[in-house]
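# Residue-level structure breakdown
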Amino acid sequence: MSTSTGTRPAKSGAAVGHGLKRPHYGTHLFLIVMSVMWLIPLGWALFTALRPKPDTDKYGYFSFGGAFNFDNFVTAWTQGGFPHYFVNSLIITVPTIILVLWLSSMMAFAVSRASWKFNVTLLIMFTAGNLLPPQVLATPLFEMFKLIQLPYAFSDSGSLLNTYLSVIIANTAFQIGFCTFVLSNYMKALSGDLTEAALVDGAGLWRQYASIILPLCRPAIAALATLELIFIYNDYFWPLLLIQSGDRLPVTTAINNLQGTFLSNYNLLAAGAMITVIPTLIVYLVLQKQFVAGLTLGSSKG
């Protein structure tokens, strides 16, 4: 009786290492360093806001002596008039987001799903508008708004200046290009069979937009809504330029009420800055998935 023994072929080095992921130490180190760099100013502002000014004057800003309490937050909330300014920000932010997403979704549908001669040209024009810094157009826009006459029942200035509408128009104009570019890329990734089947069934462009494309773009719209809320809420330039009445300014300008005439209480200013950050921080934590998705939205198709 004879027996035969077979030897297994030796596994190559490539086969042994197949499927194993190399640890990305460099990427992790970079992310940790960047996270710390971003968190240090926020943590330092919170640390300063929790300290009374007499203790800071006694021990210095770079110290841990003294008490820690929320007195600066209470004083900043009442002295800065934050409840009123939060309402102003709400009046400006919510209509602007609705207008931006509505207009940009229609424009994105026109340049991505409809075949006509100037769709690419129009998309380039909308995208190129974002390359202009707002400061370049500040003077002509201010003069144009000053020449637009409105009834005194609607505007106490008799023009478009010193109204919430002026800030809403300016923010809408400067944000619509970015949203159009992102939504157009998202809509291009959708299957063309959807609109072709709807066209065969007799659906016009408006029906295709409202009943087919727009519902499919809900993830993209949610991500953009999160980004736009942060952008518009934090805007400081246009309200300060177009609104002269202090009682109509948004919350980003409320910190000016905490400035002293001859002396600045930086502990109080830090508390006011932290109060201003709270709404955007809550929105980011609640809608974190949509926010992260918005960073890479439209970057790839598939």
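Right above here is the structure, for reference.
Let me sum up the structure you'll find in this document.

## Quick word on the nonpolar core
Phe73, Ala76, Phe82, Trp238 and Leu242 are the most contacted members of the largest nonpolar core, which has 30 residues in total. Where this core is concerned, the elements lending two or more residues are helix H4 (71-79), helix H5 (82-112), helix H7 (138-147), helix H8 (164-188), helix H12 (237-242) and helix H13 (266-286). Broken down by element, the residue count for this core peaks at six residues, all from H13.

## Quick look at the pattern of salt bridges
Across all of its chains, the model carries three salt bridges by this definition. Its salt-bridge partner being aspartate 57, residue lysine 53 comes within 2.9 Å of it at the nearest N-O pair. Of the two residues, lysine 53 and aspartate 57 are both situated in helix H3 (residues 53-59); the distance of four residues between them amounts to about one turn of the helix. Accessibility expressed as a relative area gives 18% for lysine 53, which makes it buried. With its nearest N and O atoms 2.8 Å apart, the salt bridge here joins arginine 248 to aspartate 156. On the criterion of sequence distance, the pair formed by arginine 248 in the loop between H12 and H13 and aspartate 156 in the loop between H7 and H8 is long-range, its members being 92 residues apart.

## Points about a nonpolar patch on the surface
A contiguous nonpolar surface patch, about 430 Å² in accessible area, is contributed by Leu39, Leu42, Val277, Leu281 and Leu285. Elements that contribute at least two residues to the nonpolar patch include exactly helix H2 (25-49) and H13. No other element matches the three residues that H13 contributes to the nonpolar patch. Among the structural elements, leucine 39 can be located in helix H2. According to the relative accessible area criterion, leucine 39 is exposed, its value standing at 55%.

## Describing H7
For H7, the set of buried residues is Ala138, Leu141 and Phe145. In a view along the axis of H7, the buried residues occupy a sector of 70°, so they form one face of it. Exposed residues lying more than 90 degrees from the buried face of H7 are Thr139 and Leu147. Structurally, H7 contributes buried residues whose contacts are with H8 and H12.

The rules behind each value
Residues numbered from 1 in each chain as written. Predicted model: local features only at pLDDT ≥ 70, side-chain atom pairs only at ≥ 80, totals over all residues. Heavy atoms only, no water. Core = buried A, V, L, I, M, F, W, Y, C linked by side-chain atoms within 4.5 Å. Buried < 20%, exposed > 50% of the residue type's maximum accessible area, 1.4 Å probe, protein only. Helix = DSSP H or I, 4+ residues; strand = E, 2+ residues; numbered from the N terminus. Salt bridge = Lys/Arg side-chain N within 4 Å of Asp/Glu carboxyl O. Patch = residues over 30% accessible without salt bridge, like charges linked within 9 Å, V, L, I, M, F, W, Y side chains within 5 Å. Areas by Shrake-Rupley, 256 points an atom, 1.4 Å probe, with all protein chains shown as cover. Arc of directions from axis to C-beta. Contact = heavy atoms within 4.5 Å.

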